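Single-letter residue listing:
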Amino acid sequence: MKKRTETFSLGIYLLFVAALTSSMLLCICLGSVSIALSDTVTALHNSLWGLEIPAGIAKSIILNVRLPRVLNVALVGAALSLCGAAMQGLLRNPLADGSTLGVSSGASLGAVLALALGITLPGTTHGGVMLMAMLFAFLALVAILGLAYGLDRSLSTNSIILIGVIFSMFASSLINLIISFAGERIKSITFWTMGSLSGTHFGHSLILGVAVLVLGGVILGYSRELNAFAIGEENARHIGVNVRRVKLIILVAVSALIGICVSISGTIGFVGLVVPHMTRMLTGPNHKRLLPASLFAGAIFLLLADLVARTLLRPVELSIGVVTSLVGAAAFVAIFWRTRKAG
Amino acid sequence: MSKKTVSLFLCLLMLFSVATAAAEGTTFTVTDMFDREITISGPVTRIVATEPGDCEILYALGCGDALVGRGLYCDYPESITALPAVQSGADTNLEEILALNPQVVVMNDMAHSTEQVKLLEQNGIPVIATNANSLEEVYENIRLLGKVMGKDTEAEALVAEMQTTFAEIAAKSEKTDKTIYFEVMPLEWGLWSAGTNTFMHELAEICGMQNAFADLDGWQPISQEQVIERNPDYIVLVTGMGETAVDEVLNRTGWGDITAIQNGAVYNANSYSMTRPAPRLMEAAMDLYHFLNDIVDEEVPAA
């Protein structure tokens, strides 16, 4: 067999970066309010080179509203998609994703608990919510996988998805129960569960950026092990993978990343499920290609979904989850159909 | 006592008892706000109202004592919270309503399904459905409840009081092109504003101002960019977010060039009086008028 490089060449990476950059530029140029392209370019150019930016609407909207939002959307999309790809590989389950496995619901539960009990980290505004979301995302993942493993050692598609769905329902009824007892705080909790990227700022970009860099980096670093998992845990062990340790590290990284995303943007369904599948059709199943490609594709997918949400009904703004779930639900059925036919 | 006197006495007694029976068993028909003909046997002394606005109207008509149950969010006047709450909206506890044995239940269209109404009516409890989204409809709502409670005069007086209050404010207010942006949901949860067919829109007009989002109908989610572009002269928060709400708005990134932010013209309004179809809309209008004109007063000497 002809030996070929497993990873993408530099040229392909440049292509990804170019695609992502142009999507971001498109999303910065288009929005609820129409701003002349020249003003947009001036605002961006001048801020990049540290020049003085002419005051006005372009400065306020482009630099302070759209730019942070576009950055956050791209980072959340990248993180969710990468997490989905990693979980699908790790569990050898095409339907694995934060939303189908109940990890997002777990994160929501943690965040709602933090809001209801008033848990805060000193010196931060939303540190408590974020930490609880991360913690509960991990606990949810452990609980679901533990149950699934206890029921059926092979961690088969059906039992994991079933338990994930049941857990999601359980978590949402707990959330409703907490809301019933929350009294005065009911408002902030109810609204929090709706989630929104519209008010996010550069502070969030920094958190998300560091998270994607560190946790995403960890996940990407285990591409080889994920490839080994794809041919079965037994085989992975034979070729020298510390199965337990790798699994734990990836699960911790995935749940922390999902927890951070959920605490900032609320639950955004289906990105982690759909994007890795679409990517896999192009790159094939090798995680050394799939994971970085999913990262870029997730960012671009969510950017475009957000663009539709922002502009379709202007001045009214759609929830981004409406757009991703519409596309996602259709893709979910298609994938399920195909895997069942193939199986 | 002569036979004649006795028969006269008996006749009078009979007449009297017939009269009382009529008073106890008077049935009358009202048309509710969905054009449904509802027959009620009065006088009504036991009533359940599930909407805060209806409860406030009943109290304003002096019928607070007739209320035997309330919806979960009915919290004004404060004494009402002592009454048993029958939940609200889809969770409305019909069993509890039945147990309270009211003569009439007042519900609002938005929060209640027709199934709930049907079930109550099947159990012999007439349901009055209210639905007021404009001041005109609030007057209709007040007159309707006045009729149900036998307080027509009080209802007319209340309507007249409201009309006079609004007319006085409108007369005092200069008509301008200045705009108010009403924020009903804060940025953190995704902005929502109020368009036409809301009390906020009407109150802005009464105060001589334009609603910055007059192109919307009802409450809608809006984009942050739109607020910045429309550059409102005043921002009125109807979010019920507490004391820090104004500071949060003043410090939003990208909002610095908005006229309202530069003038510090941000007002944290009472979200209940400004959104409920109730007499407290008078307070809401006065509060808004005071806020808008304090700003003008400050600006005049500076200019």
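Keep in mind that what you see is a predicted model, and the values were worked out from it rather than measured.

### Re the overall build of chain B
Summing up its helical and strand segments, chain B has 12 helices and 12 strands in all. Out of the 303 residues in chain B, the part that is buried amounts to 42%.

### Some points on the overall build of chain A
Assigned secondary structure in chain A consists of 14 helices and zero strands. Element order for chain A, N to C, with α for helix and β for strand: α-α-α-α-α-α-α-α-α-α-α-α-α-α. Computed over C-alpha atoms, the radius of gyration of chain A comes to 20 Å, within 12% of the 20 Å expected from 2.2 N^0.38 for 343 residues, which places it in the range of a compact globule. Taken along its principal axes, the extent of the C-alpha atoms in chain A is 65 × 60 × 40 Å. Of all 343 residues assigned to chain A, the portion counted as buried reaches 48%. Of all intrachain contacts in chain A linking residues separated by at least 6 positions in sequence, the fraction that spans at least 24 positions is 75%.

### A short note on the domain arrangement of chain A
Residues and elements named next belong to chain A. Structurally, chain A comprises domain 1 (96-267) and domain 2 (268-343). Relative placement of domain 1 and domain 2: their C-alpha centres are 19 Å apart. Counting residues at the interface gives 16 residues for domain 1, matched by 15 residues for domain 2. Every element with two or more residues in the side of domain 1 that touches domain 2 is listed here: α8 (202-221) and α9 (223-230).

### Remarks on the packing of helix α5 (residues 127-151) of chain A against helix α11 (residues 243-265) of chain A
All names here are of chain A. Running from N to C, α5 and α11 point in directions that differ by 135°, and their axes come no closer than 8 Å. One way to sum up the angle between α5 and α11 is to call them oblique. For α5 against α11, the interelement crossing comes out right-handed. Where α5 abuts α11, its residues Val129, Met130, Ala133, Met134, Ala137, Phe138 and Leu141 lie against Leu251, Val252, Ser255, Ala256, Ile258, Gly259, Ile260, Val262 and Ser263.

### Regarding the pairing of strand β5 (residues 104-108) of chain B
Successive residues of a regular strand alternate their side chains across the two faces of the sheet. All names here are of chain B. Most of β5 sits out of view: five of its five residues are buried. The alternating pattern of β5 places Val104, Val106 and Asn108 on one face and Val105 and Met107 on the opposite face, and all of these are buried. Taken together, the three bridges between strand β3 (residues 47-49) and β5 define a ladder with parallel strand orientation. Looking at β5, one finds that Val48 is bridged to Val105. Bridging between β5 and strand β6 (residues 127-130) involves four bridges; their strand directions are parallel. Considered in β6, the bridge of Val105 is made with Val127.

### Thoughts on the interface of chain A and chain B
Contact residues are listed per partner, giving 22 residues for chain A and 20 residues for chain B. Counting only elements with at least two residues in the side of chain A that touches chain B, the list comes to α3 (57-90) and α7 (186-194) of chain A. Its residues assigned to classes, the side of chain A that touches chain B comprises 10 nonpolar, eight polar and four charged.

### Some details on the environment of A:Val73
Residue and element names in this part refer to chain A. Position of Val73 among the secondary structure elements: in helix α3. Given 28 C-beta atoms within 10 Å, Val73 falls into the buried group. For the pair formed by Val73 and Phe301, sequence separation is 228 residues and the distance between their alpha carbons is 9.6 Å. In this structure Val73 touches Leu197, Leu302, Leu303 and Asp306, once residues within four positions along its chain are discounted.

### Observations concerning unusual backbone geometry
Of note, the amide linkage connecting A:Arg314 to A:Pro315 takes the cis form, showing an omega dihedral of 5°. Here the amide bond leading from B:Tyr76 into B:Pro77 is cis, since omega sits at -10°, within 30 degrees of zero. Following the sequence through the fold, B:Pro77 ends up in the loop between β4 (67-70) and α3 (94-100).

### Describing the domain arrangement of chain B
Size of an interface, as often reported, equals the accessible area lost when the parts are brought together. Residue and element names in this part refer to chain B. Partitioning chain B into domains gives domain 1 (26-162) and domain 2 (173-302). The centre of domain 1, based on its C-alpha atoms, is set 31 Å off from the matching centre of domain 2. Residue-level contacts link 14 residues of domain 1 with 10 residues of domain 2. Elements that contribute at least two residues to the side of domain 1 that touches domain 2 include exactly α2 (52-60), α5 (135-149) and α6 (152-172).

### Some points on the packing of α5(B) against α6(B)
Residue and element names in this part refer to chain B. At their nearest, the axes of α5 and α6 sit 7 Å apart, and the two run at 160° to each other. One finds that α5 runs roughly antiparallel with respect to α6. Pair α5 / α6 crosses with right-handed handedness. Judged by residue contacts, Leu135, Tyr139, Ile142, Arg143, Leu145, Gly146 and Lys147 of α5 engage Asp152, Glu154, Ala155, Leu158, Val159 and Phe166 from α6. For the contact of α5 with α6, the per-class residue count stands at eight nonpolar, one polar and four charged.

### Let's talk about the nonpolar core
All names here are of chain A. The biggest cluster of nonpolar side chains holds 183 residues, and the ones touching the most others in it are Ala79, Ala86 and Leu257. Broken down by element, the residue count for this core peaks at 21 residues, all from α3. Those residues in contact with Ala86 that sit more than four places away from it in its chain are Ile219, Leu226, Ile250, Val254 and Leu291.

So, how was this worked out
- Residues numbered from 1 in each chain as written.
- Chains lettered and ligands numbered in written order.
- Predicted model: local features only at pLDDT ≥ 70, side-chain atom pairs only at ≥ 80, totals over all residues.
- Helix = DSSP H or I, 4+ residues; strand = E, 2+ residues; numbered from the N terminus.
- Buried ≥ 20, exposed ≤ 12 C-beta atoms within 10 Å, placed from the backbone.
- Rg over C-alpha atoms; globule rule 2.2 N^0.38 Å.
- Contact = placed C-beta atoms within 7 Å.
- Domains from an automatic or database assignment.
- Axes fitted to C-alpha atoms, helices over the stretch in contact; angles between N-to-C directions.
- Parallel < 35°, antiparallel > 145°, perpendicular 65-115°, else oblique.
- Left-handed = near helix turned anticlockwise from the far one by under 90°.
- Pairing = 2+ DSSP bridges.
- Nonpolar A, V, L, I, M, F, W, Y, C, P; charged D, E, K, R; others polar.
- Core = buried A, V, L, I, M, F, W, Y, C linked by C-beta atoms within 7 Å.

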